[in-house]
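Structural overview for review
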Protein chains: 2
Amino acid sequence: MKQKELHIEGIIKRITRFIYVFLLTLCSGGVASLFAQQHPLLILKKQEINTIRKNVAQAPLFQQVVAKNQAIVDQEIKLGPQVPVPKDMAGGYTHERHKRNFFVLQKAGNLFQITGDEKYARYIREVLLAYAKLYPKLGLHPTKRSYATGKIFWQCLNDTNWLVYVSQAYDCIYDWLKPKDRHLLETQLFRPFADFISIKNPQFFNRIHNHSTWGNAAVGMIGLVMGDKELINRALYGLQLNKSDDAQKDDDNGLITLPNQKKAGFFAQLDHAFSPDGYYTEGPYYQRYAISPFILFAKALANNRPDLKIFRYRHDLLKKAVYALLYQTDRQGLFFPINDAQKGMSFKSRELISAVDIIYESQGKDASLLSIAEQQGKVTMDYSGFVVAQDIHQKKSQPFIRKSIELSDGKNGDEGALGILRSRKDDQEVCLVFKYTAQGLGHGHYDKLSYSLYGNQGEVIQDYGAARWVNIDQKQGGRYLPENRTWAKQTIAHNTVVMDETSHFKGHFSTGNAHHSDRYFYDASNPNFQIASAKDLHAYPGVKMHRTLALLKDKAFDKPILIDVFRVDALKAHQFDLPLWFQGHLLNTSFQYKAQTQQQSTLGTQAGYQHLWKEALGKSTTNQAQFSWFHRGEFFTATSWVSNNDELIFARLGANDPSFNLRRDPALIIRKKDQKQTVFATIIEPHGAYSPVDEVPQRPFGQVSKIVVSHQSDAYTAIEFSTGKSSRWTLIIVNNNHNLKAQHQLKIQNKTFRWQGVYHLFKH
Amino acid sequence: MKQKELHIEGIIKRITRFIYVFLLTLCSGGVASLFAQQHPLLILKKQEINTIRKNVAQAPLFQQVVAKNQAIVDQEIKLGPQVPVPKDMAGGYTHERHKRNFFVLQKAGNLFQITGDEKYARYIREVLLAYAKLYPKLGLHPTKRSYATGKIFWQCLNDTNWLVYVSQAYDCIYDWLKPKDRHLLETQLFRPFADFISIKNPQFFNRIHNHSTWGNAAVGMIGLVMGDKELINRALYGLQLNKSDDAQKDDDNGLITLPNQKKAGFFAQLDHAFSPDGYYTEGPYYQRYAISPFILFAKALANNRPDLKIFRYRHDLLKKAVYALLYQTDRQGLFFPINDAQKGMSFKSRELISAVDIIYESQGKDASLLSIAEQQGKVTMDYSGFVVAQDIHQKKSQPFIRKSIELSDGKNGDEGALGILRSRKDDQEVCLVFKYTAQGLGHGHYDKLSYSLYGNQGEVIQDYGAARWVNIDQKQGGRYLPENRTWAKQTIAHNTVVMDETSHFKGHFSTGNAHHSDRYFYDASNPNFQIASAKDLHAYPGVKMHRTLALLKDKAFDKPILIDVFRVDALKAHQFDLPLWFQGHLLNTSFQYKAQTQQQSTLGTQAGYQHLWKEALGKSTTNQAQFSWFHRGEFFTATSWVSNNDELIFARLGANDPSFNLRRDPALIIRKKDQKQTVFATIIEPHGAYSPVDEVPQRPFGQVSKIVVSHQSDAYTAIEFSTGKSSRWTLIIVNNNHNLKAQHQLKIQNKTFRWQGVYHLFKH
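All names here are of chain A. Under the definition given, this model contains 75 salt bridges over all chains. One salt bridge in this structure joins lysine 87 and aspartate 88, with 2.8 Å as the shortest N-O distance. The salt bridge involving aspartate 228 is made with arginine 191; its shortest N-O contact spans 2.4 Å. Within this pair, whereas aspartate 228 is found in the loop between α9 (210-226) and α10 (229-237), its partner arginine 191 is found in helix α7 (residues 179-197), the two being separated by 37 residues in sequence.

What follows is the structure, given as structure tokens:
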């Protein structure tokens, strides 16, 4: 062939490709996206780069992040590409190396765009070509220990993490790459990769689960970068559902397919994963993990498929989900550790930094989010992070106020709720977390109607969290420990009633998963008296449990106090235990007790009781049981109404713990024996302060002198409580009529109470 | 009498008084003080007031303190004088009220001078007149529970606190008061008060003890204000000593008179209380309390009796004492809790704020003290505090570097020492506190050659401190708890060897008080290898104990590591226990152990063992016992040389604790049975990091793979240790020859080691 012919053939080829690309573009998103073809387009956008470069000096926090990331990536560039043949489990070299790679590539991509330094692009190209060479040769990861084994990692989940991050890196060098390289990468690496985690693993890709959300986002994000409409649609709407998956379970014993699941893909995740309030049924620890693919893919869709109005979906669902996460943190930003949660996880996590920045920048610039970003001390290295840093620098930040909020559970918001009450007095805050949710899937604990309480310094009445040391090799490779099942999930590990030393639903997952508690009422409208009430009818068949919790702020008390009224109603007589997992050091008690001084044995044999040492046994002769403790500079006093027959058991966690996996935490258990109907009534007062530096106790004594259940019937429960200084209150709860307009009257010891609505607090 | 005569008589009276005052002044301090008569003169000086007023805007921290104190005092002025008839113990109303009074009066005095607002002077006058009316009517305080019962308080000690503070208030309004008022106050209140706490209570005033230092300071300070030479001399040199006091003991069972005590008064305190290095034998918790009267009275003497050169006394002893206190704090400023100390006390205490400010301002303006003041966040409301605040504002502050230091014990510095070694690598610090001191008087613990270890976040290998909740009424009125004697003072509560389950000196105070450990050598000259060695020959008659502790910094290790070599040499075979009170959560062990899962019983019956639950028992088959734990974000690994017969006991504190007075802390006890001579050898490695926010463990494994005692004889002890990566070291200690020039050689397994001096570390 002659030179000229070759040249013409070249021109024809180029014209053909242009027409092909043009048509593809038209098909994959209409004319709008034709003009948005310039990369990057995914998270960081071409048109944002100049703004960042020009104004970076006005965003010092952003500059710090860029400098820090440059140091990290420059070191990797010096080391050179490291793309080993996969073989290790989590914690092992190849796992950690590939994990490091995707974080580094994503950073390198953004650094290339922000700094313009081509060394970052060259590094990405080199690493990606190494992956493109490796990937076609890979079979399944040799570990084969997952229901969905990956290729790069031991589970598909990690492969999808890789693709979510690497698609961003690819996006950032897309225009810089030669078409030949793009072609190679897309045919040898990205498209097969996307197919593997979806078509080849429908049991992974089609679930309603945070794993699959990562899968959807990964496929969708690489699809957007490549302009591959098929992948984008697969990400949004899933694969064809296959009925044969119904009985399968995952590595954590979760169901592969939800009962009656009709859809899959990203929209199905949005439909199922969150309640209308943005609550995620597994709890905030897992919501924090799951939020990343939701927010990142949504941001990518908002950038490239504005027609989907993804952030408007289900009444701003994703924005609500981020706020729901923030409301589920204590004053230090730590998440409430309900269900399987490792304590200490907080809004400083990578996932929340990115979520807060994106929601701030793209969803209304709520200035109170800036104060969260300030506490996080970091921003994400993209336009959102830049805007946040710039606005912080411009002193636009406002305090983020954690409000009282009830977060409904269940995709329709009708499967119970998490009731959060917060009461402030001066600089003191008391926060109640009341759990009347659904089971929380495979990560749920058996703790219907449990609660935890927070003071200024964190947990006062604790939720144990999970028995797991995430990624700590010395503790069974970082997996859930056996004690997670035998202890942490059991009911006695939580602040709620245990009947006959048996956990709720007998600890059976499928039974628990089929039920949820029910909100009865929630009223935080009066800041001085906030109250929530819920019932559970399924934890123990034939037993009605009804708990009401309230925060009262009154000049009689140093700080807001907690009122706890827990009514149980069974057909036959049973033993009921209510533990109080107080954090801190016992000071004294109003009742006599006998400690086990020379010998200790376990409190029981199963349902978590085998893990408790019985430290002491007390009885009260006064119908009152009061004890005080000290924790992190604050005093606390609990006062309970008890009978002469009730046992007051001081228990200590740590029995049957052959590998020292459990903490040695204390509890006081109020045990009522041989009861059909009974009420547990307790008031907890936080008060005063003490610092070992000045050694002067401030207000070291509680004020409540007495609490009495003054009436109990099917219709009403009433408690009366008073202080030594003769303030006196009666709280009446209407047990079975939540009509707010209904008029009631009740005579208690010659006094007639009249009120309207489902509860009333009388101050005498 | 006629008007004129009256007038003349008045003039004569005034002239007479003038001559009287003139003569008195001459007698009480010479001509110099005649010109210094203007008040205030004690702590704050007349001539300083203008400087403060003029420049207060340049000292914002000082301004804050003034504003805060104004708020406090103004509230008291509003309330009006409260001078009740004394009747209560500490914690009760009259006690706390009178205590509050003296703090408030002192503040009010300085506020009068600084602000010039007469309301403060009027308030002081009113309160003092109320005291002057009350005091002459008072007998002994009705409690009569002290060896030296006070009048205002249950013990003279508190009465002297009152006078130290109130003498400053009186000084501040002295010139403002009418002579008639001064006369009344001096004759009805101050002079009788000073006589009561001295002449009427020689058993209190003449001791060598921190109580008496307060007494000396109180008498001396009011003496300086009143120009009363007799009181000043009494304060400086004490009362005549009375031999009949010899056998008396105080409320804490301390001796009233020291054996062979020949002097009393402030100079005698200075001679006896501190070692030449400024170490106070009871330890830093009590030194912090004692430092107040020393520094305040010294400052008053420096202002008014410069001839005494008080700050130069014993080679700048008081300055050394303040630095010794600062060196005995961890990175958070918390004092090492050796002996009877409540944990949490820190350099932020009132006493240290005042001491640091006064030493800074008057003793050389060491800029590193300013960084301490910044961390304290407060300054004292006088000229010293003003200067500190001004210099902080001028950015003169320099970092305070805590150095390695050996603080000798005993008034002549020959009664053992506290050896402190500190090793830094990057931002990591490891600090060793090695206790080879004297007993520490009545507040001493029985823990010869014990140590504690600190990481960046505080204690890693802990000292238990005292079993006491100071001023917490719920814990036996805030007094020492019974468990202080049965647990906290016992040897097993500390990181040192216990023989045959019996404490050092069998826990007998007078035996322990008669002896001290001996330094053998201390060498912190090489920052990469710092080492201290000490012996004790008296804790167990006939048993020689010799411990050597070193900090090694080497690139083989993530952070500096601790090497512990403890040799015991007895005439007969015994059982030796060495506990390791590790703080944190056990991760794993290299050896097998069997946990007590269903039943627990105590480890022993006495000497503190009755307070320990035996949680698990292990044995090693490899001559190595390794275990790791996690604490406050850091990993730790301990590796010990053990025999097949050694028992490895996991113990938990909390048995025989009928009132929940003890913490539930863990220990690993290495038990060697039936031994005459033996060596305990352990290496502790701090390493890595883990945060629950990112869940990625950094360097979670220790490096030491082996430690062996490779030689033991009367002459030498040698240990060899190595890492998995084949770094290898031999440390040889010369047991009985601390000649630094001596040449040694020793053959260990065919290898001959040659060195000079008392120890050598060989790296192979």
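Moving on, we come to the relation of the copies chain B and chain A. Two chain copies, one operation linking them: a rotation about an axis together with a shift along it. The transformation that overlays chain B on chain A combines an axial shift of 0.0 Å with a rotation of 180 degrees, and the residual RMSD is 0.1 Å. Considering both components of the superposition, the chain copies are consistent with a two-fold axis. Rotation axis and chain B: the residue whose C-alpha lies nearest the axis is Gln600(B), separated from it by 2.4 Å. Most of the interface of chain B is mirrored in chain A, where 100% of its interface residues again form contacts.

With that out of the way, let us pick up the sheet that holds strand β21 (residues 728-734) of chain A. Residues and elements named next belong to chain A. Reading across from one edge, β19-β20-β21-β24 is the order of the four strands in this open sheet, with antiparallel pairing throughout. One side of each edge strand has no neighbouring strand; the edge strands of this open sheet are β19 (704-712) and β24 (759-763). Averaged over all pairs of adjacent strands, the angle between strand axes in this sheet comes to 15 degrees, irrespective of strand direction. Across seven bridges, the pairing between strand β20 (residues 716-723) and β21 is antiparallel. In the sheet register, isoleucine 719 faces β21, and the bridge partner there is leucine 731.

Here we come to unusual backbone geometry. His39(A) connects to Pro40(A) through a cis peptide bond whose omega is -5 degrees. Among the secondary structure elements, Pro40(A) is positioned in the loop between α1 (3-34) and α2 (46-55). With a phi close to 50 degrees, Glu501(A) is a non-glycine residue in the positive phi region. The topology assignment puts Glu501(A) in the loop between β6 (498-499) and α18 (509-513). By relative accessible area, Glu501(A) is classed as buried at 18%. Of note, the phi angle at Asp500(B) is positive, near 50 degrees, even though the residue is not glycine. Within the secondary structure layout, Asp500(B) lies in the loop between β6 (498-499) and α18 (509-513). Overall, Asp500(B) belongs to the partly exposed group, its relative accessible area being 33%.

About the criteria used
- Residues numbered from 1 in each chain as written.
- Chains lettered and ligands numbered in written order.
- Predicted model: local features only at pLDDT ≥ 70, side-chain atom pairs only at ≥ 80, totals over all residues.
- Heavy atoms only, no water.
- Salt bridge = Lys/Arg side-chain N within 4 Å of Asp/Glu carboxyl O.
- Helix = DSSP H or I, 4+ residues; strand = E, 2+ residues; numbered from the N terminus.
- Least-squares fit on C-alpha atoms with pLDDT ≥ 70 in both.
- Contact = heavy atoms within 4.5 Å.
- Pairing = 2+ DSSP bridges.
- Axes fitted to C-alpha atoms, helices over the stretch in contact; angles between N-to-C directions.
- Buried < 20%, exposed > 50% of the residue type's maximum accessible area, 1.4 Å probe, protein only.

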